[in-house]
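A structural walkthrough
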Amino acid sequence: MIGVVYLGNNPKTQERLKYIPGQLVRMTNAYKEAAQICTPHVSNEHFLVFYERNVRSEDITAITYLRKKCRNVYIVLMTDTMNDEERDSYIKCGINDTIHQEASVTEINKKIVFISERENVLFSDQKPHYGMLKFKIPFWKRMFDIVFSALAIIFLSPIFLITAIAIKLESEGPILFKSKRVGTNYTIFDFLKFRSMYVDAEHQLKELSKDHNQYTEREEPKNTITAPLGDQAELAMLSGGMESDMMIGDEEIMLVGDDFVVAESDFNKQKEEDINNAFIKIEDDPRITKVGKFIRKFSIDELPQLFNILKGDMSIVGNRPLPLYEAEKLTADSSIDRFMAPAGLTGLWQVEERGRGGAMSAEERKQLDITYGQTYSFLLDMKIILKTFRVFKQKGNV
């Protein structure tokens, strides 16, 4: 259980905090004294500070001081409604979360429990723990990547030249398309491809993905009313990027944010659906140029990734690096393993599913990525490369 401190002088709040079950709340109205209280006496000791909102300039000074002196604190601002300017200023000075200043004992206790259960990810001194999960590419694999990619670039240089000329002649825009991708250990890098779409393609993705995404599970409309919700909402609730609260209804806990009010059960269900539909692939994409259709059909658009491999961003064989909007949905424990493996030009899911021309769910793709990360070897890599040469002509127009 983390230590709980109240910083403020509201008698009503002080009275409610006395009745938090199984929790002694230490109270003070001086921020320097609160900083002393939050100084850990043992390693990995953490504190939850309920800060009663007062005069904004004084609050900013106090919160900034507390944040500077105590890195092991999670600050919850007790407040009523705030405008955008007020919210931004409090977030910038270091608050992590909010709760209504008239919250009941039950609501406050729910907040304490909510944060306590996530202690291992919410406090700064716990972050180095994830460093133990970092993947390091084996020496044999890196040497193979360098030799293979260098020889391939030399051998395929005529195709590079012809493709570049064709792209330039057909449509305006750069020959190469760069996008931010997430690879091994969630590392972000510039991913290279020959441009196969018109220059405004990314702006059309949101509308197209609603109706044409192969990986989205189609469901019948439900007779319920919900507000917008996504993984960013949960992330903001945990890190302080969004004003949030927890309220108790007659039967169910409600999660409240700036732009949503949702039952906790619905939130968890939506989160699971978002993870399941993390991958996006558009059928018969109208954004693709004529040259783009040809180079995609024969996977020529992927050839510039040989330079990514030579640089060390990727490997010849591995899990496909994902765009940021897809990778951000795969941060749950069940998905992390796919990033603890090499990021690759080709991989297990491409040859196992796409090679047979069959449809594939997002979950099947994710599981194949995880399987490769757990079982890859030189022999397996050679088998995948040989299969890739046989299936490089994609059987679906995707």
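Residues numbered from 1 in each chain as written. Predicted model: local features only at pLDDT ≥ 70, side-chain atom pairs only at ≥ 80, totals over all residues. Heavy atoms only, no water.

The next subject is the environment of Ser116. With respect to the element layout, Ser116 can be found in helix α5 (residues 105–116). Overall, the relative accessible area of 17% leaves Ser116 in the buried class. In the structure, Ser116 is positioned 68 residues away from Leu48 in sequence and 8.7 Å away in space, judged by C-alpha atoms. Among the polar contacts listed, one links the side chain of Ser116 to the backbone oxygen of Ile112, at a separation of 2.8 Å. (Helix = DSSP H or I, 4+ residues; strand = E, 2+ residues; numbered from the N terminus. Buried < 20%, exposed > 50% of the residue type's maximum accessible area, 1.4 Å probe, protein only. Polar contact = N/O pair within 3.5 Å; in protein donor to acceptor, adjacent residues only side chain to side chain.)

Our focus in this paragraph is the nonpolar core. Ranked by size, the top nonpolar core spans 28 residues in total, and within it Phe194, Leu306, Tyr372 and Ile384 carry the most contacts. Those residues in contact with Ile384 that lie beyond four places of it in its chain are Val317, Thr346, Gly347, Leu348, Val351 and Tyr372. Counting residues in hydrophobic clusters, the runner-up holds 20 residues, among them Leu7, Phe47, Ala62 and Val73. (Core = buried A, V, L, I, M, F, W, Y, C linked by side-chain atoms within 4.5 Å. Contact = heavy atoms within 4.5 Å.)

Confidence in the prediction for the protein chain averages 76 pLDDT; 68% of positions are at 70 or higher. Across residues 127–133 the pLDDT falls below 50, and counting only partners more than four positions away or on other chains, this stretch makes four contacts in the model. Low pLDDT, under 50, characterises residues 217–251; the stretch is placed with 89 contacts to residues that sit more than four places away or in other chains. (pLDDT = per-residue confidence, 0-100.)

On to helix α3 (residues 56–69). An ideal rise of 1.5 Å per residue puts 20 Å on 14 residues; α3 measures up with 20 Å between its terminal C-alpha atoms. Considered for burial, the residues of α3 that qualify are Asp59, Ala62, Ile63 and Leu66. Around the axis of α3, the buried residues are gathered within 95° of arc, so they sit on the same side. Seen from the buried face of α3, the exposed residues on the opposite side, beyond 90 degrees, are Ser57, Lys68 and Lys69. On its buried face, α3 sits against α2 (31–37), β3 (47–52), β4 (73–79) and α4 (84–93). (Expected span 1.5 Å × (residues − 1). Arc of directions from axis to C-beta.)

The next subject is α4. Along α4, the residues classified as buried are Glu86, Arg87, Ser89, Tyr90 and Cys93. Down the axis, α4 shows its buried residues gathered within 165° of arc, on one side only. Away from its buried face, by an angle of more than 90 degrees, α4 presents the exposed residues Asp84, Glu85 and Lys92. Elements in contact with the buried residues of α4: α3 and β4. At the N-terminal boundary of α4, the capping side chain belongs to Asn83, with an oxygen 3.1 Å from the backbone nitrogen of Glu85. Downstream of α4 by a residue or two, Gly94 has a phi angle that is positive, lying close to 130°.

The next point concerns the environment of Ile188. Checked against the element boundaries, Ile188 lands in strand β7 (residues 188–194). You can call Ile188 partly exposed: its relative accessible area is 48%. Counting along the chain gives 134 residues from Ile188 to Leu322, while the straight-line C-alpha distance between them is 9.4 Å. Beyond its immediate sequence surroundings of up to four residues, Ile188 is in contact with Lys180, Arg181, Val182 and Leu324.

The grouping of Leu161, Ile165 and Leu169 at the surface amounts to a nonpolar patch, some 340 Å² of accessible area in total. Mapped onto the elements of the fold, Leu161 is located in helix α8 (residues 157–170). A relative accessible area of 54% places Leu161 in the exposed class. (Patch = residues over 30% accessible without salt bridge, like charges linked within 9 Å, V, L, I, M, F, W, Y side chains within 5 Å. Areas by Shrake-Rupley, 256 points an atom, 1.4 Å probe, with all protein chains shown as cover. Salt bridge = Lys/Arg side-chain N within 4 Å of Asp/Glu carboxyl O.)

What follows is about the sheet that holds β4. Read across the open sheet, the five strands follow the order β2-β1-β3-β4-β5; overall the sheet is parallel. The open sheet terminates on both sides in strands that have one partner only, identified here as β2 (25–28) and β5 (97–100). Within this sheet the neighbouring strands show an average axis-to-axis angle of 25°, counted without direction. With four bridges connecting them, strand β1 (residues 3–7) and β2 associate as parallel partners. Looking across to β2, one finds that Val4 is bridged to Val25. The sheet contacts of α3 involve β3 and β4, and relative to β3 the element is tilted by about 170°. (Pairing = 2+ DSSP bridges. Axes fitted to C-alpha atoms, helices over the stretch in contact; angles between N-to-C directions.)

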